[in-house]
Amino acid sequence: MWLTALIIFVAAQFALVTAAPLALVHHYRVPYEIVKDDLRNIDLAMATVQNFIQRQAIDDYVIILGDSVGYSGPGGPEQAVSRYLADIAASAGGPAVFNFSLPGAQIGDIYVLMLKLQEHGLNPDWLIINLLYAGFVARVPDPPPVFWLRDELARLDQAADLVTAPAYPPEERTQTAAERVETTIIEWGQRYIPALAYRDYLRAALLGPAMTYAQAEGSTPVPWYEKPWLDSYLRQPEYLRGYDPAPMVMDDGNPNVFFLKRIAAQAAPDTHVLFFNSPVNPALLADLQRTDGYQANLRAIDQLMLELHRSYARVDYVNYTRAIADPLFVDHLHLTPEGYAQLAAMLWDEIGMVR
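None of the values given here were measured: they were computed from a predicted structure.

Chemist: Could you give an account of the pattern of salt bridges, with specific residues and numbers?
Modeler: Applying the stated criterion to the full structure yields 16 salt bridges. With a shortest N-O distance of 3.0 Å, R40 and D38 are connected by a salt bridge. With its nearest N and O atoms 2.6 Å apart, the salt bridge here joins E152 to K116. Placement of E152 in helix α8 (residues 150-156) and of K116 in helix α7 (residues 107-119) is noted, with a sequence separation of 36 residues between them. One continuous salt-bridge network, built from bridges that share partners, spans D38, R40, R199, D200 and R203.

Right under this line is the structure:
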């Protein structure tokens, strides 16, 4: 009896590793509510996507990396730009689409995510990365250029970590002996017992979408013009920083510039990289967008990206700052489902021209 049970257990572990359903870890995007509490779940999602690509013999695919815009908050996964892009691509017989964006991700996180994709054998035909004006603004000192994945940067690119470490030292925390033992047991179990590795995803599947996704399916994000409090709320310093008109430093001393060059240089040779400057609500906080300094900085970003394209032919860039009308925003940056659908159509037009 015990031998039969052991055989069934081992077989279940093998099946979970080799044939885990894609939707368990990736439904148009990785589930933020699971990943944010244990960043190791990103690797598990990447490994599962890689297995899915191999099983399905997919040889043409797109991966989206970015922050909350790439992730497509505040709506659910069915309202994400990756869902709409996947629908367009499927109707055209085009590539599969995957999304590893993380809300709050900084440019260094995006670079680390790209390196982790490569580590898992994921080298897409197209890598689409969203940028923000605010990412180029001087960090004084926050936000750090690597918010989620600082430890992984040190592991995957020590040289890049040494460049950023002096200005942004990692937080130091000493584990107790009990915590070290617990961490070791968990890491061992996750490595050798897949049921433990997938525990967060399996628990979410049992508890339903309310556990897995921040917003329930079918709900519609409220557009910005139905929020009379929003303008004054966005006048707080942490949001005003995103429109800072002070001249930007556009050399390697700017972490965004440093990591953008790193991404362009380290991208796989067969991967096209499409950067896009994210749309901004043209009506909300319009007075900040009209300043001469803000406009000059936008031109400086465009010039930087043009120079990157000249240096790396596989790198492309498009500026969508003014591309989407204000009724399709829920705030200053994030879009309604219709807005994300329009963004997906524009992205398809860009990658379709090169296919």
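Chemist: An account of the nonpolar core is requested, with residue identities and associated values reported.
Modeler: Of all hydrophobic cores here, the largest spans 97 residues; its most connected members are L65, F100 and L343. Among the elements that make up this core, the one with the highest residue count is α7 (eight residues). Residue contacts for F100: discarding those within four places in its chain leaves V30, A45, M46, V49, I63, I64, L65, L113 and L117.

Chemist: Outline the packing of helix α16 (residues 255-266) against helix α18 (residues 292-311), supporting the account with residue identities and numerical values.
Modeler: It is at 11 Å that the axes of α16 and α18 come closest, and there the two elements cross at 25°. With respect to α18, the axis of α16 lies roughly parallel. By crossing handedness, the relation of α16 to α18 is classed as right-handed. From α16, V257, L260, K261 and A264 reach across to α18, where they touch L304, M305 and L308. Of the residues assigned to the contact of α16 with α18, the class counts are six nonpolar, no polar and one charged.

Conventions adopted
- Position labels on residues start from 1 in each chain and follow its written sequence.
- Where totals are concerned, whole chains, interfaces and linings use all residues; where local detail is concerned, this predicted model gives features only for residues with pLDDT of at least 70, and gives and counts side-chain atom pairs only at 80 or more.
- Hydrogens and waters are ignored; side-chain quantities use all the structure's heavy atoms.
- Throughout this description, the term salt bridge denotes a Lys or Arg side-chain nitrogen within 4 Å of a carboxyl oxygen of Asp or Glu.
- Strands are runs of DSSP state E lasting at least two residues, helices are runs of H or I lasting at least four, and both sets are numbered from the N terminus onward.
- Throughout this description, the term nonpolar core refers to a set of buried Ala, Val, Leu, Ile, Met, Phe, Trp, Tyr and Cys residues connected via side-chain atoms within 4.5 Å.
- To sort residues, take the accessible area from a 1.4 Å probe on protein chains only and compare it with the maximum for the residue type: under 20% means buried, over 50% means exposed, and anything in between is partly exposed.
- It only takes one pair of heavy atoms within 4.5 Å for two residues to be counted as in contact.
- Only C-alpha atoms enter the line fits that serve as axes; for helices the fit covers just the stretch in contact. Angles between N-to-C directions range over 0 to 180 degrees.
- Angles are sorted into four bins: roughly parallel if under 35 degrees, roughly antiparallel if over 145, roughly perpendicular if 65 to 115, and oblique for all others.
- By definition, any crossing whose near helix is turned counterclockwise from its far helix by less than a right angle is left-handed, and any crossing with a clockwise turn is right-handed.
- Only Asp, Glu, Lys and Arg are considered charged in this grouping, and only Ala, Val, Leu, Ile, Met, Phe, Trp, Tyr, Cys and Pro are considered nonpolar; every other residue, Gly among them, is considered polar.

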